[in-house]
Amino acid sequence: MGLESSVTSPTSAEGSLQAQPLITPSIWSGFWATFKRDMLIAVRHRGEMANPIMFFLMVITMVPLGITPEKGILQILAPGMIWVVALLATLLSLDGLFRSDFEDGALEQLLMSPQPLYFQVLAKVLVHWLTTGLPLTVMAPLLGVMLALPAEGFLPLVCSLLLGTGCLSLIGSIGAALTVALRKGGLLLSLIIMPLYVPVLIFGSSAVSSAIEGFPMGGQLAVLGAFLAFAIMLAPIAAAGALRISVNG
Amino acid sequence: MTDSLIELKNLRCERDERVLFEGLDLQVNAGDIVQIEGPNGCGKTTLLRVLTTSSVDYEGELYWSGKALNISKLDYLNQLLYVGHLSGIKKALTPRENLNWFSGINQGHKRCSIEVALEEVGLFGFEDVPCHHLSAGQLRRVALARLFLTPARVWILDEPFTAIDKQGVANLERLMTEHAAGGGCVILTTHQDMTIQSLRKINLQSYRGVAA
């Protein structure tokens with residue numbers, strides 16, 4: 001991979017340990033190890049994985065029952081409703097992002113690994129997105145049908161959720177890292193993260209509604225893409241820093 | 001021939017406005033097995049956490065093979081293996097998957113195969129049994145199987161003998177002696193009596209500060 005660098009152990013007395021220099025593994029080997037492990041855990045705990053998706057499904061199913069089954073009103077509600085519920089579903093699942101690793105000591109092991117924490121966090125966030133954001137995005141068109149979303153709204157809905165849920169997972173990881181050491185961090189996590197989610201929500205749902213009204217949606221999607229690019233660059237750094245503080249305390 | 005691996009100079013740790021220890025000077029050479037002693041709550045785990053770089057709440061200086069730790073940190077972490085109270089073992093995964101992860105995030109290569117390491121700790125045949133089927137002692141053994149796999153020189157072990165039977169303790173002591181003879185070093189805490197001849201004991205009680 002071209003990322004290996006060799007670190008020679010200090011020369012000293014002859015012994016099996018000094019005989020061969022230790023090779024720092026490539027960044028990808030650490031990334032893969034964590035990615036694979038978290039994917040396996042997610043697959044073995046399928047029930048937990050289904051939680052946010054069930055929440056998404058149930059709330060959207062109740063909207064026509066609770067408000068009105070009238071098509072005209074549902075059409076207006078649909079983009080915002082789907083986006084708000086997708087956001088809340090992500091928020092629900094965030095608390096567990098680092099929690100179990102913190103409780104069983106795996107986080108400590110991650111911090112003292114020679115691997116950069118940035119990529120470890122990125123691997124964990126990627127798994128989180130694959131198990132919440134991606135299923136939510138895939139389910140959204142189905143729920144769009146339930147809420148009588150007009151045909152021209154489907155493509156922007158999927159595109160905006162695809163970009164937006166990535167942002168949500170990444171931004172959320174900062175809050176999860178900050179509150180991981182607190183016994184009841186759930187409420188605080190929501191308070192920290194909510195304001196940061198607002199721009200994503202605004203641009204996401206407005207991409208859908210403007211497409212329905214016949215305007216181009218490129219602008220909003222471009223902004224979401226920019227959010228995502230920034231979040232990929234910066235959020236893992238912030239989360240890594242927050243994890244160090246949390247474990248240190 | 002002394003080969004200084006880790007050196008602590010005038011280390012001082014405080015917790016909740018209580019000085020745990022101060023003026024701690026310690027040089028750990030290749031071939032040393034150092035036991036940190038002291039009653040519960042005297043700062044043994046805190047000291048180990050400082051040594052594993054996961055805590056930075058200390059005053060004083062740390063050196064790794066003659067260089068200040070903040071300069072040589074990557075090299076140090078490459079050579080470090082830490083088994084703590086909390087082992088980091090995932091109950092949903094099998095011992096094989098757990099050990100693969102540890103190896104992946106650390107040096108990436110192993111001294112022997114996972115089967116051999118698990119056989120050494122008496123878990124032959126448990127490679128693919130999910131860890132939630134294992135007993136506390138067996139889980140501990142999975143964590144300790146890392147000692148057979150790792151190429152790291154510095155082992156920091158926090159209460160490694162908890163829940164391990166007599167035969168297992170003897171095996172571990174033999175392994176530590178071999179490791180030290182091969183040019184590594186071991187820093188551990190335990191409340192058990194150890195039979196290793198060359199054991200160095202550091203009692204944290206004697207570095208206890210007066211209340212701040």
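The structure displayed is predicted, hence computed values, not measured ones.

Draft legend 1. Examining the overall build of chain A more closely. Secondary structure assignment for chain A yields 10 helices and 2 strands. The contacts of chain A with a sequence gap of at least 6 include a subset with a gap of at least 24, amounting to 79%. About 11,100 Å² of surface is accessible on chain A, with carbon and sulfur atoms providing 73% of the total.

Draft legend 2. Summary view of the packing of helix 3 (residues 46–66) of chain A against helix 7 (residues 117–146) of chain A. All names here are of chain A. Viewed as axis vectors pointing N to C, helix 3 and helix 7 meet at an angle of 20°, and their least axial separation amounts to 10 Å. Our classification of the angle between helix 3 and helix 7 gives roughly parallel. For the pair helix 3 and helix 7, the sense of crossing is right-handed. For the pair helix 3 and helix 7, the contacting residues are Met49, Pro52, Ile53, Phe56, Leu57, Ile60, Thr61 and Pro64 in the first and Thr131, Thr132, Pro135, Leu136, Met139, Ala140, Leu143 and Met146 in the second.

Draft legend 3. Here's a closer look at the sheet that holds strand 1 (residues 4–15) of chain B. Residue and element names in this part refer to chain B. Here we have 4 strands laid out as an open sheet, ordered 2-1-4-5, and antiparallel in their pairing. Lying at the two open borders of the sheet, with one neighbouring strand each, are strand 2 (18–29) and strand 5 (67–68). In this sheet, strand 2 lies alongside strand 1 in antiparallel orientation, the contact comprising 8 bridges. Directly across from Ile6, in strand 2, lies its bridge partner Val28. Packing against the sheet, helix 1 (residues 44–51) makes contact with strand 1, strand 2 and strand 4 (59–64), and its axis sits at approximately 130° to strand 1.

Draft legend 4. The arrangement of the interface of chain B and chain A in detail. On the side of chain A, 40 residues touch chain B, which itself brings 43 residues to the contact. The largest per-residue losses of area from chain B upon contact with chain A belong to Lys90, Trp101 and Ile105 of chain B, which jointly make up 19% of the total buried on that side. One can count 4 salt bridges joining chain B with chain A. Here Arg49 of chain B makes a salt bridge to Glu108 of chain A, at a shortest N to O gap of 2.7 Å. Counting across the chain B and chain A interface gives 14 residue pairs in polar contact (both at pLDDT 80 or more). Elements represented by at least two residues in the side of chain B that touches chain A include exactly helix 2 (73–78), strand 6 (80–83) and helix 3 (95–105) of chain B.

Draft legend 5. Structural view of helix 6 (residues 166–181) of chain B. For helix 6 of chain B, which comprises 16 residues, the first-to-last C-alpha distance of 23 Å matches the rise-based estimate of 22 Å (1.5 Å per residue) to within 8%. Of the residues flanking the end of helix 6 of chain B, it is Gly183 of chain B, one or two places downstream, whose phi is positive at about 100°.

Draft legend 6. Layout of the side chain of Arg37 of chain A. The topology assignment puts Arg37 of chain A in helix 2 (residues 27–44). Given a relative accessible area of 2%, Arg37 of chain A falls into the buried group. Filtering out sequence-adjacent residues up to four positions away, Arg37 of chain A remains in contact with Asp101, Ala106 and Lys124 of chain A together with Lys90, Leu93 and Trp101 of chain B.

Draft legend 7. Up close: the sheet that holds strand 3 (residues 33–37) of chain B. Residues and elements named next belong to chain B. Ordered in space as 6-7-8-3-9, the 5 strands form an open sheet in which the pairing is parallel. The outermost strands of the open sheet, each flanked by one partner alone, are strand 6 and strand 9 (200–203). When strand polarity is set aside, the average angle formed by the axes of neighbouring strands in this sheet is 15°. Here 4 bridges tie strand 3 to strand 9, and the two strands are oriented parallel to one another. Across the sheet, residue Val34 finds its bridge partner in strand 9, namely Arg200. Docked against the sheet, helix 1 engages strand 3, strand 7 (154–158) and strand 8 (185–189), running at close to 150° with respect to strand 7.

Draft legend 8. Spotlight on a nonpolar patch on the surface. Judged by side-chain polarity, Met54, Met58, Met62 and Leu65 of chain A come together as a nonpolar surface patch covering roughly 460 Å² of accessible area. Along the chain, the position of Met62 of chain A falls in helix 3.

Draft legend 9. Focus on the nonpolar core. In terms of nonpolar packing, the biggest core is built from 100 residues, with Phe56 of chain A together with Leu157 and Met176 of chain B touching the most fellow members. If we skip the residues at most four places from it in the chain, Phe56 of chain A touches Ile82, Val85, Ala86, Leu136, Met139, Ala140 and Leu143 of chain A. Counting residues in each nonpolar core, the second largest holds 31 residues, with Leu5, Ile6, Leu48 and Trp64 of chain B among its members.

Reading the values: rules and limits
- Residues numbered from 1 in each chain as written.
- Chains lettered and ligands numbered in written order.
- Predicted model: local features only at pLDDT ≥ 70, side-chain atom pairs only at ≥ 80, totals over all residues.
- Heavy atoms only, no water.
- Helix = DSSP H or I, 4+ residues; strand = E, 2+ residues; numbered from the N terminus.
- Contact = heavy atoms within 4.5 Å.
- Areas by Shrake-Rupley, 256 points an atom, 1.4 Å probe, with all protein chains shown as cover.
- Axes fitted to C-alpha atoms, helices over the stretch in contact; angles between N-to-C directions.
- Parallel < 35°, antiparallel > 145°, perpendicular 65-115°, else oblique.
- Left-handed = near helix turned anticlockwise from the far one by under 90°.
- Pairing = 2+ DSSP bridges.
- Buried area = accessible area lost by both parts, 1.4 Å probe.
- Salt bridge = Lys/Arg side-chain N within 4 Å of Asp/Glu carboxyl O.
- Polar contact = N/O pair within 3.5 Å; in protein donor to acceptor, adjacent residues only side chain to side chain.
- Expected span 1.5 Å × (residues − 1).
- Buried < 20%, exposed > 50% of the residue type's maximum accessible area, 1.4 Å probe, protein only.
- Patch = residues over 30% accessible without salt bridge, like charges linked within 9 Å, V, L, I, M, F, W, Y side chains within 5 Å.
- Core = buried A, V, L, I, M, F, W, Y, C linked by side-chain atoms within 4.5 Å.

Any functional reading would require information beyond the geometric quantities listed.
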